[in-house]
Number of protein chains: 2
Amino acid sequence: MRADARKNYDQLLAVARAVVTEEGADASLRDIARRAGVGLGTLYRHFPTREALLEALLRTSFDELAAKAAELETSGSAGDSLVSWLRDFVASAENYRGVIASMVAAISDPESALHASCVAMRAAGARLLTRAQTEGAARADIDGTDLYALAGALAWVGDQPALAPRADHLFDVIASAILTNPATTR
Amino acid sequence: MRADARKNYDQLLAVARAVVTEEGADASLRDIARRAGVGLGTLYRHFPTREALLEALLRTSFDELAAKAAELETSGSAGDSLVSWLRDFVASAENYRGVIASMVAAISDPESALHASCVAMRAAGARLLTRAQTEGAARADIDGTDLYALAGALAWVGDQPALAPRADHLFDVIASAILTNPATTR
DNA sequence: ACCTGAACACCGTTCAAGT
DNA sequence: ACCTGAACACCGTTCAAGT
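Being a predicted model, the structure only gives us computed values, none of them experimental. (Residues numbered from 1 in each chain as written. Chains lettered and ligands numbered in written order. Predicted model: local features only at pLDDT ≥ 70, side-chain atom pairs only at ≥ 80, totals over all residues. Heavy atoms only, no water.)

(A) A look at the packing of aromatic side chains. In this structure the tally under the stated criterion is seven aromatic pairs over all chains. One aromatic cluster in this structure is built from Trp-85, Phe-89 and Tyr-148 of chain A. (Phe/Tyr/Trp six-rings, centres within 6.5 Å; stacked < 30°, edge-to-face > 60°.)

Written as structure tokens, this is what we have:
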């Protein structure tokens, strides 16, 4: 990449991080280009879709979550590992308001710039879930997509100002549902 | 209301029902006015905010849910009544894509045209929850807002094309979490 | 009373023209 | 190679002018 292009890319990403933090995932792209002091076409050149921009913003979080999952897969209690990773996943999705809808949609859209990362996140969660299920620490009747959906639902709750105060408590409620095997508690 | 105004109101509502069913709660108001064969100002005269239009669309559902709650409050098992109403609530919120976010936001916004109805829905759910809790059929550590949040989360899951196939199953997972008292199953 | 639609200030996206 | 910004087709919202 040419030096001036690199500079524009970095500047766009930094500004986008600030603006998306403030306005959410549906922030105005025009506004981002404007605040970055760059033509609108330049933004589109570097990030051809909104998903591409979000992917760049979330890159670090995705990598951290993948590393965290790798650690947890062989450490401590299977149930605790699963819940701990789920907590990190939800917290990271809540970093940018409204981003969870794109992350969920990306699962079934191979064209989305977020597709690969989101499929990888689902797989990482699924591995932790399977281990917990094998040990009898998690209910057996859910799969990786269910886990991803529950994580998404929790992130959505955290995104709603009227519900955010309950987000932590509801995390515990749902975590307990995941960790409870209904067949054995009846 | 003058006869011509009445006609416009009814026509707008009918068209809005069709368009919002098709496009979701963020459908273009301009498009609705256009398809209704009415000036844009006329739409704003009858429905000064998007929430006012949604409220009119949801009026019937709200009334039905209130009636259903009243019935269920004195019938059958407290746990079954709670879950049955919750199912109806979620199904009704899923009738119009994207409407659940407005319904949740309305809870903490007294200016919203949806405020009164949504507060009433939360109260109806809370009554069914309290009865179930009193009988020991529902976990004691959640309140009406938690229930409303869980219902919202389930409706959100149903709204996401990538997750909708799991919505029914996740309803059961969360319903079982509500009906399980963690203090007694440990 | 009620209706209309132009006007204004915004979008996302594309692409010809510039360097 | 890369950048710019006008152009196009849309929004939501308001309000002067009409009936």
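(B) View of the domain arrangement of chain A. Residue and element names in this part refer to chain A. The domain boundaries assigned to chain A delineate domain 1 (1-48) and domain 2 (50-184). Computed from C-alpha coordinates alone, the two centres of domain 1 and domain 2 are separated by 28 Å. Each side of the interface is counted separately: domain 1 has 16 residues, and domain 2 has ten residues. In total, domain 1 and domain 2 occlude about 1,200 Å² of area from one another, counting both sides; carbon and sulfur atoms represent 63% of this. Connecting domain 1 to domain 2 are zero salt bridges. The tally of links between domain 1 and domain 2 comes to six residue pairs in polar contact (both at pLDDT 80 or more). Mapped by element, the contributors of at least two residues to the side of domain 1 that touches domain 2 are α1 (3-23) and α2 (29-35). Considering each element in turn, the side of domain 1 that touches domain 2 owes the most residues, eight residues, to α1. Partitioned by chemical class, the residues of the side of domain 1 that touches domain 2 number ten nonpolar, two polar and four charged. (Domains from an automatic or database assignment. Contact = heavy atoms within 4.5 Å. Buried area = accessible area lost by both parts, 1.4 Å probe. Salt bridge = Lys/Arg side-chain N within 4 Å of Asp/Glu carboxyl O. Polar contact = N/O pair within 3.5 Å; in protein donor to acceptor, adjacent residues only side chain to side chain. Helix = DSSP H or I, 4+ residues; strand = E, 2+ residues; numbered from the N terminus. Nonpolar A, V, L, I, M, F, W, Y, C, P; charged D, E, K, R; others polar.)

(C) Spatial organisation of the interface of chain B and chain A. In this complex, chain B contributes 27 residues to the contact, which on the side of chain A involves 27 residues. In total, chain B and chain A occlude about 2,600 Å² of area from one another, counting both sides; carbon and sulfur atoms represent 70% of this. At the boundary of chain B with chain A, the tally comes to four salt bridges. A salt bridge links Asp-146 of chain B to Arg-166 of chain A; the shortest N-O distance between them is 3.2 Å. Seen at the junction of chain B and chain A, the total is eight residue pairs in polar contact (both at pLDDT 80 or more). Elements that contribute at least two residues to the side of chain B that touches chain A include exactly α6 (99-106), α8 (144-159) and α9 (167-179) of chain B. Per-element tally for the side of chain B that touches chain A: the top contributor is α8 of chain B, with eight residues.

(D) Fine view of the relation of the copies chain B and chain A. Mapping chain B onto chain A is achieved by rotating through 180 degrees and translating by 0.0 Å along the same axis, at an RMSD of 0.0 Å. Taken together, the rotation angle and the small translation identify this as a two-fold axis. A shared binding surface is used by both copies, with 100% of the interface residues of chain B retained as interface residues in chain A. (Least-squares fit on C-alpha atoms with pLDDT ≥ 70 in both.)

(E) Region of the structure containing the protein's contact with DNA strand C. Around DNA strand C there are 22 residues in total, and Arg-30 and Arg-50 of chain A together with Asn-8, Gly-39 and Thr-42 of chain B lie nearest to it. In DNA strand C, atoms within 4 Å of the protein come from the sugar-phosphate backbone in 59% of cases. The side chain of Tyr-44 of chain A places a nitrogen or oxygen atom 2.8 Å from a phosphate oxygen of DNA strand C. With respect to DNA strand C, the backbone of Gly-39 of chain B contributes an N or O atom lying 2.7 Å from a phosphate oxygen. Taken together, the elements giving at least two residues each to the surface near DNA strand C come down to α2 and α3 (40-46) of chain A together with α1 (3-23) and α3 (40-46) of chain B. Residue contributions to the surface near DNA strand C peak at five residues, all from α3 of chain B. (Near = heavy atom within 4 Å.)

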